[in-house]
Amino acid sequence: MKKVFNKNDFTVIRAEKGAGLGLVTKRDFKKDDFVIEYIGPVLTAEEANKKGGKYLFEINSKWTIDGTTRDNLARYINHSCKPNCEVDTSGKRVFVSAIKRIKAGEELTYDYGEEYFKEYIKPLGCKCSHCTSKKAK
């Protein structure tokens, strides 16, 4: 089954608490609904290592999606320690789905994973709403 998303269902926003940009849905999603696909050219691991950059999504040890194109709205989904989405890979594709009910107007988030968290997020302090609300208490 082909998974299709409508770009008009999303808005790129300035994310809260200094997390850069974020992606907000304009429609509701039920748990387990397909939300959006992370798209871009597929690179070999060697090509990805040479290119470097912020929007490289490693599928496995051989393949990486170069999500730098602005057509890739999924690149604006921020990390959260308490996410509302998760990613699944199928072949050389990455799909984002809802892990709970998401209401129109909510920012989409997923957990970027332990390796990415340790290398890029933890040194600067996690800025997800879950962690910043814990710090405020």
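Residues numbered from 1 in each chain as written. Predicted model: local features only at pLDDT ≥ 70, side-chain atom pairs only at ≥ 80, totals over all residues. Heavy atoms only, no water.

Chemist: Would you mind going over the pairing of strand 8 (residues 85-90) with me for this structure?
Modeler: Each regular strand displays side chains that alternate between the two surfaces of the sheet. Bridging between strand 8 and strand 9 (residues 93-98) involves six bridges; their strand directions are antiparallel. Paired with glutamate 86 across the two strands is serine 97, which belongs to strand 9. As consecutive antiparallel partners, strand 8 and strand 9 are separated by two residues, and within that stretch glycine 91 has a phi angle of approximately 65 degrees, a positive value. (Pairing = 2+ DSSP bridges. Helix = DSSP H or I, 4+ residues; strand = E, 2+ residues; numbered from the N terminus.)

Chemist: Teacher, can you tell me more about the nonpolar core here?
Modeler: A general feature of soluble globular proteins is that nonpolar side chains tend to end up buried together. Counting 20 residues, the largest nonpolar core has Phe10, Leu23, Val35, Ile36, Ile77 and Leu108 as its most contacted members. Elements with a minimum of two residues in this core: strand 3 (34-38) and strand 9. Discounting chain neighbours no more than four positions away, the residues touching phenylalanine 10 are Phe5, Leu23, Val24, Thr25, Lys26, Phe29, Val35, Ile36, Leu73 and Leu108. (Core = buried A, V, L, I, M, F, W, Y, C linked by side-chain atoms within 4.5 Å. Buried < 20%, exposed > 50% of the residue type's maximum accessible area, 1.4 Å probe, protein only. Contact = heavy atoms within 4.5 Å.)

Chemist: Can you help me understand the packing of aromatic side chains in this one?
Modeler: Aromatic ring pairs are defined here through the distance separating the ring centres and the angle between the ring planes. All told, the structure shown has six aromatic pairs when counted by the stated rule. Summarising the aromatic geometry, the rings of phenylalanine 34 and phenylalanine 95 are spaced 5.9 Å apart at their centres and angled 70 degrees between planes, so their arrangement reads as edge-to-face. With a gap of 61 residues between them, phenylalanine 34 in strand 3 and phenylalanine 95 in strand 9 connect regions that are remote in the sequence. Across the pair, exposure class does not vary: phenylalanine 34 and phenylalanine 95 are buried alike. With 5.1 Å between their ring centres and 45 degrees between their planes, tyrosine 110 and tyrosine 112 make a pair best called tilted. Taken together, the ring pairs in this structure connect Tyr110, Tyr112, Tyr116 and Tyr120 into an aromatic cluster. Stacked on the ring of tyrosine 55, the Lys or Arg arginine 75 has its end atom at 4.2 Å from the ring centre. The ring of tryptophan 63 is capped by lysine 92, whose NZ or CZ atom sits 3.8 Å from the centre of that ring. (Phe/Tyr/Trp six-rings, centres within 6.5 Å; stacked < 30°, edge-to-face > 60°. Lys NZ or Arg CZ within 6 Å of the ring centre and 35° of its normal.)

Chemist: Just to check I follow, could you spell out the pattern of salt bridges for this structure?
Modeler: Pairs can form between side chains of opposite charge once their charged atoms are near each other. Taken as a whole and assessed by the stated rule, the structure comprises seven salt bridges. Across the pair lysine 51 and aspartate 66 runs a salt bridge, and its minimum N-O distance is 2.9 Å. On the criterion of sequence distance, the pair formed by lysine 51 in helix 1 (residues 45-51) and aspartate 66 in strand 6 (residues 63-66) is long-range, its members being 15 residues apart. Residues lysine 118 and glutamate 114 are paired through a salt bridge, measuring 3.0 Å at the closest nitrogen-oxygen approach. Residue lysine 118 and its partner glutamate 114 are located together in helix 2 (residues 114-121), separated by four residues, close to a single helical turn. By the burial criterion, lysine 118 is exposed, and glutamate 114 matches it. (Salt bridge = Lys/Arg side-chain N within 4 Å of Asp/Glu carboxyl O.)

Chemist: Where do I start with the environment of glycine 53 in this structure?
Modeler: Here glycine 53 is to be found in the loop between helix 1 and strand 5 (56-58). Residues glycine 53 and aspartate 66 lie 13 residues apart in sequence; the distance between their C-alpha atoms is 8.8 Å.

Chemist: Sorry if this is basic, but what is going on with the sheet that holds strand 3 here?
Modeler: Backbone-to-backbone hydrogen bonds join strands into a sheet, with any given pair of strands oriented parallel or antiparallel. Read from one edge of the open sheet, three strands run 3-9-8, paired in antiparallel fashion. For this open sheet the edge positions go to strand 3 and strand 8, each flanked by a neighbour on one side alone. On average, each strand axis in the sheet is inclined to that of its neighbour by 30 degrees, with strand direction left out of account. (Axes fitted to C-alpha atoms, helices over the stretch in contact; angles between N-to-C directions.)

Chemist: Explanation requested: the environment of asparagine 49 in the structure shown.
Modeler: By the element assignment, asparagine 49 lies in helix 1. Asparagine 49 sits 17 residues away from aspartate 32 along the chain, and the two C-alpha atoms are 33 Å apart.

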